[in-house]
Amino acid sequence: MKKRKIPMRKDIVSGEMAPKKELVRIVRDADGNVSIDETGKKSGRGAYISINVDIAKKAKADHVFEKAFSTQLDESFYDDLIAYIDHKRARKELFEDGK
C-alpha cells in the first residue's frame, strides 16, 4: 500500500516544521478579521501555531500575529487563543491515553 504524504506546516513562533494536525491555524479574512480557524478550511491568509501553552504565551508577549497579519489585535484574542490551545492539548492527551 502506498504511504500517504503528511502535510507539514511551519509554526510562526518557534519556526519549527510540524504535521498540520498538531498545529492550530489562525486566519485573517478579506475584511481584516483575525480568528481561530477550528476547521482549518476558512478562506483567508493563515498562520500556524503549535498546541503548546508556553508558545501561545510567547506569541502574546511578542505580538506575533499582529506582525504577521499587519493589524491590531485585542489582548482578549491572545487570551482566547491560550484557552483554546490549552483545551486542545488536554483533549489530545486524554484521547491519546485512551488508546
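Described below are features of the structure shown in this document. (Residues numbered from 1 in each chain as written. Predicted model: local features only at pLDDT ≥ 70, side-chain atom pairs only at ≥ 80, totals over all residues. Heavy atoms only, no water.)

### Brief notes about the layout of surface pockets
Phase 1: Estimated volume of the largest pocket: approximately 520 Å³.
Phase 2: Along its surface, the largest pocket is lined by 20 residues, and Lys20, Lys21, Glu22, Leu23 and Lys88 are the ones closest to its centre.
Phase 3: Secondary structure elements with two or more residues in the lining of the largest pocket: strand S3 (23-28) and helix H3 (75-97).
Phase 4: Considering each element in turn, the lining of the largest pocket owes the most residues, five residues, to H3. (1 Å grid on protein atoms, 1.4 Å probe; cavity = no way out; pocket = protein on both sides within 12 Å on 5 of 7 lines; lining within 4 Å. Points joined across faces, edges and corners; volume = space filled by probe spheres on them. Helix = DSSP H or I, 4+ residues; strand = E, 2+ residues; numbered from the N terminus.)

### Regarding the sheet that holds S3
Phase 1: Taken together, three strands build an open sheet; the order of strands is S4-S3-S5 and the sheet is antiparallel. At either margin of the open sheet sits one strand with a lone partner, and together these are strand S4 (34-37) and strand S5 (45-50). Recorded for the sheet is a direction-independent mean angle of 30° between the axes of neighbouring strands. (Pairing = 2+ DSSP bridges. Axes fitted to C-alpha atoms, helices over the stretch in contact; angles between N-to-C directions.)

Scope: geometric values only; no functional claims are made or implied.
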